[in-house]
Amino acid sequence: MIHNRRQATWKGRLLLFIFAGVLLYLTYFCLHLLMRQTHPEVPLTEIYQVKSDLDYDLMHTLIEKRTQNSEVIYPIALVVGGSGFLGASMIDILLEEKLQVIAFDDQEIHPNRDWFVTKNGRLVPLVTHVLGKVERFEDFFLIPDVDVRYVVFAAGIPAYPNRGNVLSEDEYNAVHVEGARNLMKFLEERSMRPRRVLFYSSLDVYGPFAKSFLPVRSVHSKQPISNWARSLLNMERVVTQMASQDLPIAILRLATPYGPKQSVETGLVARMVDSALRNEDIELFVSPDFSRDFVYVTDVSEMSMMIMKGRYSHITEYNMGSGVQTTLRAVAEQVIRLTGSSSKIVHNSEILEIPYQQARLDEGDERVPLTNGLELYTDYVKAGRRA
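Computed from a predicted model, the values in this text were never measured in an experiment.

A. Spatial organisation of the overall build of the protein. Along its length, the protein carries ten helices and 16 strands. Counting the 387 residues in the protein, one finds 49% classified as buried. Counted over contacts in the protein with a minimum sequence separation of 6, partners at least 24 positions apart contribute 80%. Only carbon and sulfur atoms are counted for the fraction: they give 52% of the accessible area of the protein, which is about 19,400 Å².

Shown next, in the form of structure tokens:
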């Protein structure tokens, strides 16, 4: 009798142990399933992407839940033109500042390893790509309806796309002006009130002026001479006209930026380095003796972040450059020396560009001098070729 009772007790304990094990497994399975819904695992080369209304609801939920079980809360920044040279560089520094990013662009975005965070043993991207065109107002509404701290408008067409082909002012306006207008309308219709909205422009809006004007002040008269520069000035005017009192706007006019992620097809320094590494002639579309002011892209991103985190006012304008004038010949010669190339400098006079001088930012010193910047960028390109 006692033996049967002990045997029954042992069987009961075994059944209880098995039941507890099954319950534990089901609990783990449910939590694992929930995590996959909240943070679907993606390959390292991919990020979350919104291509249509079908993706919208899922991405909206993912962005809101992305910081669950995290020690750090990631505010959100919106970068319009996130696949471009300035936009991609801006994404890097926003992530360094512990923000997650929604990148709006119609081009594919190639993420870095730093664009991911490890949560619960899996890689989760901190960047969401919304695939849309700035020229189409309705595309902006694919952007998830979440609180956004900062907005950066980095969308644009290079001054000389595709190795020197100049576009009409209307073609430039379609992206610069209509894109900026659509963004401002979108922010208003969504009732979004970010702490700052930053627009990139160029010192070309001032036109050619003498070095005696350096450093140029934002109140200096604007007389753009190229279709590209006129389009950027049109964009500035649209933005300032549409800005409401409770929406802080900043316009950052740049000298000639260069550095990692710049397209060989559209970047002056990028073309020089690419040609030199191929031992091909370095072709210039303007006189080699024309001078420009070059600013490294990380300096642009850091200054952009300082502006967005600064004191808020209705509309502020900033002019950024190193204040150092360098001829194109001098830059090309430095590139040839750094690459050990046998390239020659060739002037293509088919395209006429009036030379312009640039300006130093009213406050702050250059962080990366041209010599150091060219060395950094050349090493970056070489490393990419070896990979």
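B. Layout of the pairing of strand 6 (residues 127-131). Of all five residues making up strand 6, four are buried, and the element is well covered by its neighbours. Of the strand pairs in this sheet, strand 3 (residues 100-105) and strand 6 are connected by five bridges, and their pairing is parallel. Looking at the pairing, Phe104 lines up with Val130 of strand 6.

C. Broad picture of the side chain of Ser202. Secondary-structure assignment places Ser202 in strand 8 (residues 196-202). Within the local environment of Ser202, its side chain forms a polar contact with the backbone nitrogen of Asp204, the two atoms lying 3.0 Å apart. Not counting residues within four places of it along the chain, the set of residues in contact with Ser202 comprises Trp228, Leu232, Arg253 and Leu254.

D. Structural detail: the pattern of salt bridges. Tallying each qualifying case throughout the model produces twelve salt bridges. Two residues, Lys309 and Glu97, come together in a salt bridge whose shortest N-O distance is 3.1 Å. With a gap of 212 residues between them, Lys309 in helix 8 (residues 297-309) and Glu97 in the loop between helix 3 (85-96) and strand 3 connect regions that are remote in the sequence. Its salt-bridge partner being Arg278, residue Asp274 comes within 3.1 Å of it at the nearest N-O pair. What emerges from the salt-bridge pattern is a single network uniting Glu188, Arg193 and Asp246.

E. Region of the structure containing the packing of aromatic side chains. With the rule as written, the count across this model stands at seven aromatic pairs. Taking 5.3 Å as the distance between ring centres and 90° as the angle between the ring planes, the aromatic pair formed by Phe137 and Phe141 counts as edge-to-face. Summarising the aromatic geometry, the rings of Phe153 and Phe199 are spaced 5.4 Å apart at their centres and angled 40° between planes, so their arrangement reads as tilted. Here the residue Phe153 occupies a position in strand 7 (residues 150-153), and Phe199 occupies one in strand 8, the gap between them amounting to 46 residues. You'll find Phe153 and Phe199 in the same group, each marked buried.

F. Inspection of the environment of Phe186 at higher detail. As for its position among the elements, Phe186 is in helix 5 (residues 169-189). On the basis of relative accessibility, which here comes to 0%, the residue Phe186 falls in the buried class.

G. Here's a closer look at the environment of Met272. With respect to the helices, strands and loops of the structure, Met272 is situated in helix 7 (residues 268-277). In contact with Met272, not counting residues within four places along its chain, are Ile282, Leu284, Leu328, Val331, Ala332 and Val335.

H. Summary view of helix 6 (residues 227-242). For helix 6, which comprises 16 residues, the first-to-last C-alpha distance of 23 Å matches the rise-based estimate of 22 Å (1.5 Å per residue) to within 8%. For helix 6, the set of buried residues is Trp228, Ala229, Ser231, Leu232, Leu233, Met235, Glu236, Val238 and Val239. On its buried face, helix 6 sits against strand 7, helix 5, strand 8 and strand 9 (249-254).

Reading the values: the criteria
- Residues numbered from 1 in each chain as written.
- Predicted model: local features only at pLDDT ≥ 70, side-chain atom pairs only at ≥ 80, totals over all residues.
- Heavy atoms only, no water.
- Helix = DSSP H or I, 4+ residues; strand = E, 2+ residues; numbered from the N terminus.
- Buried < 20%, exposed > 50% of the residue type's maximum accessible area, 1.4 Å probe, protein only.
- Contact = heavy atoms within 4.5 Å.
- Areas by Shrake-Rupley, 256 points an atom, 1.4 Å probe, with all protein chains shown as cover.
- Pairing = 2+ DSSP bridges.
- Polar contact = N/O pair within 3.5 Å; in protein donor to acceptor, adjacent residues only side chain to side chain.
- Salt bridge = Lys/Arg side-chain N within 4 Å of Asp/Glu carboxyl O.
- Phe/Tyr/Trp six-rings, centres within 6.5 Å; stacked < 30°, edge-to-face > 60°.
- Expected span 1.5 Å × (residues − 1).

So yeah, pure geometry; function would need other evidence.
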